[in-house]
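Okay, here's what each chain looks like letter by letter:
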Amino acid sequence: MYRTHSNGELRLENLGEQVILAGWVQKIRDKGFMVWVDLRDRYGITQLIFDEDRTSKVLIEQAKALGREFVIQVKGEVIERVSKNKNIPTGEIEILVKELKILNKSEVPPFTIEDKTDGGDELRMKYRYLDIRRNPVKNNLIFRHKVAMEVRKYLSDEGFIEVETPVLIKSTPEGARDFVVPSRMNKGQFYALPQSPQTFKQLLMVGGMDKYFQIVKCFRDEDLRADRQPEFTQIDCEMAFVEQEDILNTFEGLTKHLLKEIKGIDIDKFPRMTYNEAMKRYGNDKPDIRFGMEFGELNEVAKHKDFGVFNNAELVVGIAVPGGNSYSRKDIDKLIEWVKRPQVGALGMVYVRCNEDGSFKSSVDKFYNQNDLANWAKVTNAKAGDLICVLSGTATKVRPQLSALRMEMATRLGLRNPKEFAPLWITDFPLLEWDEETERYHAMHHPFTSPKIEDIELLDTNPGKVRANAYDLVLNGNEIGGGSIRIHDKKMQALMFKHLGFTPEKATEQFGFLMNAFEYGAPPHGGLAFGLDRLVAILGGQETIRDFIAFPKNNKGRDVMIDAPSAIDEEQLKELNLKINL
Ligand code: ASP
């Protein structure tokens, strides 16, 4: 037997027991005639004591020869500690060691295995197996497991069946590039890794599976923006014989269950907002509604004076930053520089100080009087002591710019409380979005999303205005899930492909299998997928998903531990009939 107990288990009740423990050496304190060792495993730390008087000199010499992260096994007796450590559950006892066995030695680890380590990101990733020994990472993985268990429990209880779908497939368009895998047996042909199991889950509905879910890896070859992973995990779900309302209610139920079981938080009904309203009020389709600073559109009160910048702008829009009038001139200049950074891209910013005495002082006093500015304050809901920040330009540019400022100010003001949870459904997304680069419409969600019946006739006249039966679930300013009611009619699907610029041949070649299936009694269906990594991170009160993934990739898509991706042998290339020209 390697161990009778874990290192997090023993208490005063165990005094006098003979035990065997195993684990890693966390710390050694050498007092000459006495040596203490902190022994660590997944469950905690237990202090070992080697005492010349009570045991043997040989043993104490052995203890002195130990190094950090050695794997050892000890036999000994549980005794009461003289000086107790109230910070750990085993802090009242220690083990008087009678036998010590080194199970494996260790090199000195490249960073300290402590809650706060001296290791930088890259080093931690290279030695991720050591990083996982640290409490913060270990606890995140355990936390993730708990969330996944609760998801499985809830959905199974609701009658969902977890079905595995294949990984070597044909392209599923979710708006990214596919990772491809060459086929040895079919020369010159490739599998694609799923960007999501979208088409398979729809085929499961045609197969009568009715309520499906899967906790599943998805792969998207995108330029990696901060905090994205080329492979990530979804809680992928689909239901047949449902309307949008049924889906929203079912997955609101799941989210409530998680908030309750994992965070102990009860949330009543999740608020809902249409996409258009979210864009107008927050400039963003995933607004963080834990705080205010809603947009005030100022066209009516700011245009048609003598200020050309505003007169020429499609949209003039502002927010009131609470307490912002305390900003010095220098602070405001810095803020203006901040919105002008290429990442935000504003051309400038107009501001209005709302003084305590009810007067205003703005950067455009030349053009606007106190009365005008009072109107701005009304529209942006500004109070005395606030700072109104105003941007202008084309609506599609200026909204995300002001949204970025809103989030930045909220972060600076500490309004994004990680202990507070504010879910929100966004509905009625546009079906299509115009892509400047390819100069054509793309599906905003994916090509299988059904348009709203009442908007179908707009497809020919004003495609950008067609709304979809598509929805996102937003939590604290992050999109944690999204889905849609699907098209289940072959003609409609063919029409959709046509609008997306597919020729009938191309549509058949790529999606013939799905269109065929629609000819054999496809039920009405819809679903959604949650991003598990992000959901877990947010529930864990953090926003970086990397810390919740056991073996993440870096922001160049590399696994620096196993060194992937990497070149393959000439021999292997030949077998796959591939030539590399670099
Ligand atoms: N397949 C979609 C996605 O990955 C989710 C869905 O529509 O159910 O975003």
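Within each chain, residue numbers correspond to sequence positions counted from 1 in written order. Only residues with pLDDT of 70 or above have their local features reported here, since the model is predicted, and side-chain atom pairs are shown and tallied only from 80 upward, although totals for entire chains, interfaces and linings are computed over all residues. To obtain the side-chain values, all non-hydrogen atoms of the structure were used and water was disregarded.

Let's talk about the sheet that holds strand E12 (residues 296-297)
The test is simple: Strands were regarded as paired on the criterion that DSSP finds at least two bridges between them. Runs of H or I in DSSP of at least four residues are treated as helices and runs of E of at least two as strands, each being numbered from the N terminus.
Spatially, five strands are ordered E12-E13-E16-E14-E15 in an open sheet, and the strand pairing comes out antiparallel. A strand with exactly one partner marks an edge of an open sheet, and here the two such strands are E12 and strand E15 (360-362). Pairing between strand E14 (residues 350-354) and strand E16 (residues 387-393): four bridges, direction antiparallel. Across the sheet, residue Val352 finds its bridge partner in E16, namely Ile388.

Some words on the pattern of salt bridges
The following threshold applies: When a carboxyl oxygen of Asp or Glu lies within 4 Å of a side-chain nitrogen of Lys or Arg, that pair is called a salt bridge. When accessible area is computed with a 1.4 Å probe and restricted to protein chains, residues below 20% of their type maximum are described as buried, those above 50% as exposed, and intermediate ones as partly exposed.
The tally for this structure, following the rule as stated, stands at 45 salt bridges. Put simply, Arg228 and Glu222 hold a salt bridge, and the shortest N to O gap is 3.0 Å. The exposure class assigned to Glu222 is partly exposed, which follows from its relative accessible area of 27%. As a salt-bridge pair, Asp428 and Lys452 come within 3.2 Å of each other at their nearest N and O atoms. Taken together, the positions of Asp428 in the loop between strand E17 (423-427) and strand E18 (432-435) and Lys452 in the loop between strand E19 (440-443) and helix H13 (458-461) put the pair 24 residues apart, joining distant regions of the chain. Grouping residues by exposure puts Asp428 and Lys452 together as buried. Linked through salt bridges whose partners overlap, the residues forming this network are Asp121, Arg124, Arg128, Asp131, Arg134 and Arg546.

Describing the nonpolar core
Our working rule: Only buried Ala, Val, Leu, Ile, Met, Phe, Trp, Tyr and Cys residues count toward a nonpolar core, and they belong to the same one when joined by side-chain atoms within 4.5 Å. The contact definition used throughout considers only heavy atoms, calling two residues in contact when any of these lie within 4.5 Å.
Counting 39 residues, the largest nonpolar core has Val147, Leu155 and Phe251 as the members making the most contacts within it. Secondary structure elements with two or more residues in this core: helix H4 (135-157), strand E9 (211-219), strand E10 (231-240), helix H6 (244-263), strand E20 (470-475), strand E21 (478-485), strand E22 (525-531) and helix H16 (532-539). The contacts of Leu155, once residues within four sequence positions are left out, are Phe160, Phe213, Ile235, Cys237, Phe251 and Leu254. Counting residues in hydrophobic clusters, the runner-up holds 28 residues, among them Met279, Phe429, Phe502 and Met515.

Some words on the sheet that holds strand E1 (residues 18-30)
Here is the rule: To define axes, lines are fitted to C-alpha atoms, for helices over the stretch in contact only, and angles between the resulting N-to-C directions are given on a 0 to 180 degree scale.
Taken in spatial order, the five strands of this closed barrel run E1-E2-E3-E5-E4, and their pairing is mixed. Averaged over all adjacent pairs, the angle separating strand axes in this sheet is 55°, with direction ignored. One ladder, built from six bridges, connects E1 with strand E2 (residues 34-41); its direction is antiparallel. Along E2, the bridge assignment pairs Lys27 with Asp38. With respect to the sheet, helix H1 (residues 57-64) is in contact with E1, E2, strand E3 (44-51) and strand E5 (93-104), its orientation differing from that of E5 by roughly 65°.

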